[in-house]
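Analysis of the macromolecular model
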Amino acid sequence: MSSAPPLHDWLDTRRPLVLGLFRIVLGLLFASEGAATVFGVLDRKASPVGDWPFWYAGVIELTCGVLVLLGVATRGAAFLSSGIMAFAYFTEHQKDGLFPLQNGGLAPVLFCWGFLLLVFAGPGALSLAGLTRRETGSRTGSDRVTEPSR
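Here's what I pulled together on the structure shown here. Think of each chain on its own: its residues are numbered from 1, step by step along the sequence as written. Side-chain atom pairs in this predicted model are given and counted only at pLDDT of 80 or more, local residue features only at pLDDT of at least 70, and totals for whole chains, interfaces and linings cover all residues. Think of the side-chain values as coming from all heavy atoms in the structure, minus any hydrogens and water.

Bringing the overall build of the protein chain into the picture now. If you tally the helices and strands in the protein chain, you get seven helices and zero strands. When the helices and strands of the protein chain are placed in sequence order, the string is α-α-α-α-α-α-α. A simple rule labels every residue: compare its accessible area, found with a 1.4 Å probe on the protein chains alone, to the largest value its type can have, and call it buried under 20%, exposed over 50%, or partly exposed in between. Residue burial in the protein chain is summarised as follows: out of 150 residues, 30% are buried. When contacts within the protein chain are restricted to residue pairs at least 6 apart in sequence, those whose partners lie at least 24 apart make up 61%. All accessible areas in this document rest on Shrake-Rupley with a 1.4 Å probe, and a residue is counted as covered only by the protein chains that are shown. Accessible area of the protein chain: about 9,900 Å², with a carbon and sulfur share of 69%. Strands here mean DSSP runs of E at least two residues long; helices mean DSSP runs of H or I at least four residues long; both are numbered from the N terminus. Should any heavy atoms of two residues lie within 4.5 Å, those residues are considered in contact.

Next up on the list: the pattern of salt bridges. In what follows, salt bridge is the name for a side-chain nitrogen of Lys or Arg lying within 4 Å of a carboxyl oxygen of Asp or Glu. As enumerated under the stated definition, the model contains two salt bridges in all. Between Glu33 and Arg44 there is a salt bridge, with the nearest N and O atoms lying 3.0 Å from each other. Here Glu33, found in helix H2 (residues 15-39), pairs with Arg44, found in the loop between H2 and helix H3 (54-70); they are 11 residues apart in sequence, far enough to count as distant.

Residue position: Ser82 is located in helix H4 (residues 74-93). Take Ser82: its relative accessible area is 6%, and that puts it in the buried class. Excluding residues that lie within four positions of it along the chain, Ser82 makes contacts with Cys112, Phe115 and Leu116.

This is how it looks when you write it as structure tokens:
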């Protein structure tokens, strides 16, 4: 008589797929923020070209958001994105209050921590980099999920 695997095992087998979906949604949302800033779409006025720091942040958001969305250079793009969101929070929001709900900085905080997660977790499934790796048959250590030794 066989029993169904425990919930923990079932969830672990789906971790790469859910991580990939998280990466796609996070990248899409971030790219849309950048597109709104650079091009003035989605009911937002475009920032003037060269306007520091907003226009430059918009270009980084758009570029890194697309890279994260596609799963190309994910860790580097996520690292840069996490950093600019921390910069945005501490320079633009924290002066208006200690907590994100007080100072309007909830989005930068969530983006910052979401991207930091991707720096350490990698792109997950459904990434262009993963497709290229599978086609060439090479595998890296980041493809395996390992538990820390106790």
